[in-house]
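Listed below are the residues making up each chain.
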Amino acid sequence: MAHAARGLSRSARRGPGSRGVGVVALAVLPVAFLGVLFAWPVVAILRLGVTDGGVAATLAQAQTWDLAAFTLGQAAASTVVAVFAGMPVAFLLARVRLRVAGWVRTFLLVPFVLPTVVVGLAFKALWPGGGVAAIVLANAFFNVAVVARTVGGLWAHLDPRAEDAARSLGASPWRAFRTVTLPALAPALASSAAVVFLFCSTSFGVVLMLGGGRYRTLETEIYLRTVQLLDLPGAAALSLVQLAAVVLALVVGGVARRRRERAAPLRAPATTARRPAGRERWVVGAALTVVAALLVPIAALVVRSLSTRDGWGLDGYRALSGSGDGALSVTGWEAALNSLRTAFDATMLAMIVGVLAAVALVAAGRARGRAARLAGETLDAALMLPLGVSAVTVGFGYLVTLDALPGDLRTSPLLVPLAQALVVVPLVIRMVLPVLRSVDERLRQAAGTLGARPARVWWTVDLPLAARSLAAAAAFGYVVALGEFGATSFLARPEAPTLPVAINELISRPGEPNTQAAYAACTLLMVVTAAVAAVIDRLRTPNVGEF
Amino acid sequence: MLTVDRVTVTYDRTPAVRDASLEIADGEVLALLGPSGSGKSTLLRAIAGLEPATGAVRWDGDDLAGVPVHRRGFGLVFQDGQLFPHRDVAGNIAFGPRMQGTPPADRERRVAELLDLVGLAGYERRPVTELSGGEAQRVALARALAPRPRLLLLDEPLSGLDAELRESLALDLVGVLRRAKTTTLLVTHDQEEAFTLADRLAVLDDGHVRQSGDVVDVWRAPADERVARFLGVTTVLSGELVDGRVSCPFGSVDLPWAPAGAASSTGAAASTGAASTGTGSRGSGSSGAAVTVGLRPHALRVAADGVPGEVVTRARRRDHTRVTVDVSASVPGVSTVDAVAAMSETVRPGDEVRLALDPDGVAIVG
């Protein structure tokens, strides 16, 4: 069936250009979303900086380039650590039929959702001096989940018989993995590595807490100059450098992905999991070691939230339920409810935009024309940009631009969900795209010959096959929105803070009770996250098959 | 009726199918036979509307150029089934009727009817991932037939199965196609499959339709040597046709079906009468027409009388022994020929044997 692979384009005989029109229609919403909520505010901020002059001066400083080098270097190191730690965990999630795998899948979301400031604090408790190693480990701590869940999602769908074939041809288990499974996983691996790299290069709270005065990244420097030094030209210049670095990373990643992304035959996931045997047990052991390591900072947080000056106690939690004692304008519980609602709205928005974009990207990738493919690749890269641009810049940009829209979005309760959705959309795309691309074209053709319109084909074939990834992406998006801090801290109305904003507020206040309440709030956030993740994971499993 | 009119499909400027024309009458099974890489799957995909093509595909005279895949009403069965892994057997078969808006009760009835037809009654709730290869192909066939397609396209439907299963499923498939009375285009590289299933045959080679016609006619009279060789002819000789009797260096046989006056313009028999033959009468002499004779292996049988030769290789088949015999000493211009021996015959390389002509394996080429 070599022809089938060659003839992926099905534009066929459906009137000239009708497919192109469809793709464009799909892409309209994502492009508009990106334009209004990202490009416009960012460009406005950059212009603000450039018109004041001083950009050239900042670019000429050696310090600027030191900052850029350190930013990219620590991001690369963190990505490597996250990938190496995440791969055994991905194996555990995808191929191992053990009860513990389900728990691990749910637990993995917890590190990822924790507000950066909190993780910074937790690592500082473990590693008082801070420093580069602490920064790298803390960044990796967040992102092991990205690698494990993205790669594991594809891995669970891969046909294990290819590996069996390699084994029968004389390959050792490791060799079979390296030569057969790893290349098949490459799309997911490259996708997740790109996401992790972007997350790490814009990592803010962690660097702020662990870098001390010595280690600064572009992101913390932008924050410093915008908020404290009011040096907008300097901040704009650094934003430009950050943007350039991110675009470069995206281009490199995109080229690598394009070279490797191939349709792998997918199978229903249930058939691929089995009990570990032989050396696979070592891999499972490694995965569990990674999980144990992830538990350490979390345990430290919980312990801190429960320890008072005179032994164990619930003082912190008590402080959360009262808005008195000069703590917050709302109770911790109200902040938690706010977080849940906001994150729900953000997830809905992000799923709509992200899935539309992913479908448009898949269609563009299958199109015959070079122009369509190029447009798809450009859109693909552009949709990743929000991950790589300082949340501070975006948040600040909103305040400058969005009053120009009718109905002033700045005071709308939708503002925070929109900003959070901006961060979640790239994640949704990266998680959904590899799986959608891997759906066998002939399955879709079979549905077509049975009378299904293209939209119906998508609904009855692509969607159910990608359901697991979609559910995973929604869960992921939800918890990311829950923990989003950078843009939210800029935009949340004082009377309606989210939990991370409240935590930051508590931390920045002096006094043991406040710190205590902050740790308690962190624990609360973790519990909420774990509960949400568990619920979504449970909801999803029976749905894998029928829709 | 399906009409394929001068269809050309081009991949990256290389034509995979060139000016192919075909016709399939209602209720007829046409096998599109060709070696791998001949473009037959591509042509099938173009007919289904999955491949952009120039030329016209018509149904009852209506050009389908603007009709997308899902409105053509052409069922398609892939070599490897391509069942929807997320649906059970019934879910797969009910897919087409569901797309047509058939009410659930009717769908259920249709599913049961088709499972019965393909011999899998009671399989409704089985997950498709647990089916054997043969079962999966039956379900794929049932799925394609469920929406009552006006044309059924089978893309090497049996190639992925083991030989025994292939044979029994081919026979079942004949029954199903007869009962369903569905117009069918079968793409295959397997002659046996084509002969078992099809009423008519079209031979595709290098993107061209070389010949089409009734299965037996094409089998007996391939259009040219290439087609003949693809249809199992291993030896091509010059011969002479007189009153339905064909003579060649290995003897003469009666071929009542041979077209009167069938003649190839190629030169006269190279070397008639170089060896005496068992039947030997060549009295009528010069009044015959020169023809090209194609011999399949079983046209030459190891026998008591006939053209002598020396066995070079031997291979056992299920129901006969296949030999290659060096006949260069007795038939000038021919070195070795393929022939068959009965299983009971003990032939070994180096043995001296005699070869007799069997009319069943003789084809008139051209």
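Anyway, here's the lowdown on the structure attached to this text.

Criteria and cut-off values
- Residues numbered from 1 in each chain as written.
- Chains lettered and ligands numbered in written order.
- Predicted model: local features only at pLDDT ≥ 70, side-chain atom pairs only at ≥ 80, totals over all residues.
- Pairing = 2+ DSSP bridges.
- Helix = DSSP H or I, 4+ residues; strand = E, 2+ residues; numbered from the N terminus.
- Buried ≥ 20, exposed ≤ 12 C-beta atoms within 10 Å, placed from the backbone.
- Contact = placed C-beta atoms within 7 Å.
- Axes fitted to C-alpha atoms, helices over the stretch in contact; angles between N-to-C directions.
- Parallel < 35°, antiparallel > 145°, perpendicular 65-115°, else oblique.
- Left-handed = near helix turned anticlockwise from the far one by under 90°.
- Nonpolar A, V, L, I, M, F, W, Y, C, P; charged D, E, K, R; others polar.

Residues and elements named next belong to chain B. In terms of strand pairing, strand 16 (residues 307-316) meets strand 17 (residues 321-326) through 6 bridges, oriented antiparallel. Its bridge partner lying in strand 17, V311 is registered against V325. The hairpin formed by strand 16 and strand 17 contains 4 residues between the paired strands. Sheet analysis places strand 17 next to strand 18 (residues 336-341), joined by 6 bridges and oriented antiparallel. Of the residues in strand 18, the one forming a bridge with V323 is A339.

Attention now moves to the environment of A56(B). All names here are of chain B. Within the secondary structure layout, A56 lies in strand 4 (residues 54-59). Take A56: there are 15 C-beta atoms within 10 Å of it, and that puts it in the partly exposed class. With 125 residues separating them along the chain, A56 and K181 place their C-alpha atoms 25 Å apart. Excluding residues within four positions of it along the chain, A56 makes contact with D5, D63 and A65.

The next point concerns the packing of helix 7 (residues 116-126) of chain A against helix 8 (residues 132-155) of chain A. All names here are of chain A. Remark: helix 7 packs on helix 8, axes separated minimally by 10 Å, with the N-to-C direction vectors making an angle of 130 degrees. With respect to each other, helix 7 and helix 8 are oriented oblique. Considering the relative orientation of helix 7 and helix 8, their crossing is right-handed. Here V119, G120 and F123 of helix 7 lie close against helix 8, whose contacting residues are A134, L137, A138, F141 and F142. For the contact of helix 7 with helix 8, the class distribution of residues is 7 nonpolar, 1 polar and no charged.

Below, the discussion takes up the sheet that holds strand 8 (residues 184-188) of chain B. All names here are of chain B. Within the open sheet, the 6 strands sit side by side as 6-7-8-3-9-10. Their pairing is mixed. Where the open sheet ends on each side, the last strands, each with one partner, are strand 6 (74-77) and strand 10 (208-214). Strand-to-strand twist of the sheet, defined as the mean angle between neighbouring strand axes without regard to direction, takes the value 15 degrees. Bridge analysis of strand 9 (residues 200-205) against strand 10 gives 6 bridges, and the strand direction is antiparallel. The residue of strand 10 that forms the bridge with R200 is D214.

All names here are of chain B. The antiparallel open sheet is built from 4 strands, whose spatial order is 2-1-4-5. The sheet is open, and its two edges are formed by strand 2 (14-24) and strand 5 (62-63), each paired on a single side. The strands touched by helix 1 (residues 40-48) are strand 1 (2-11), strand 2 and strand 4; relative to strand 1, the strand with the most contacts, the crossing angle is about 115 degrees.

Take helix 7 of chain A next. Helix 7 of chain A sits mainly inside the fold: 8 of its 11 residues count as buried. Taken as a whole, helix 7 of chain A has its buried residues at T116(A), V117(A), V118(A), V119(A), G120(A), L121(A), A122(A) and F123(A).

Functional significance is not addressed by these values, which are geometric in nature.
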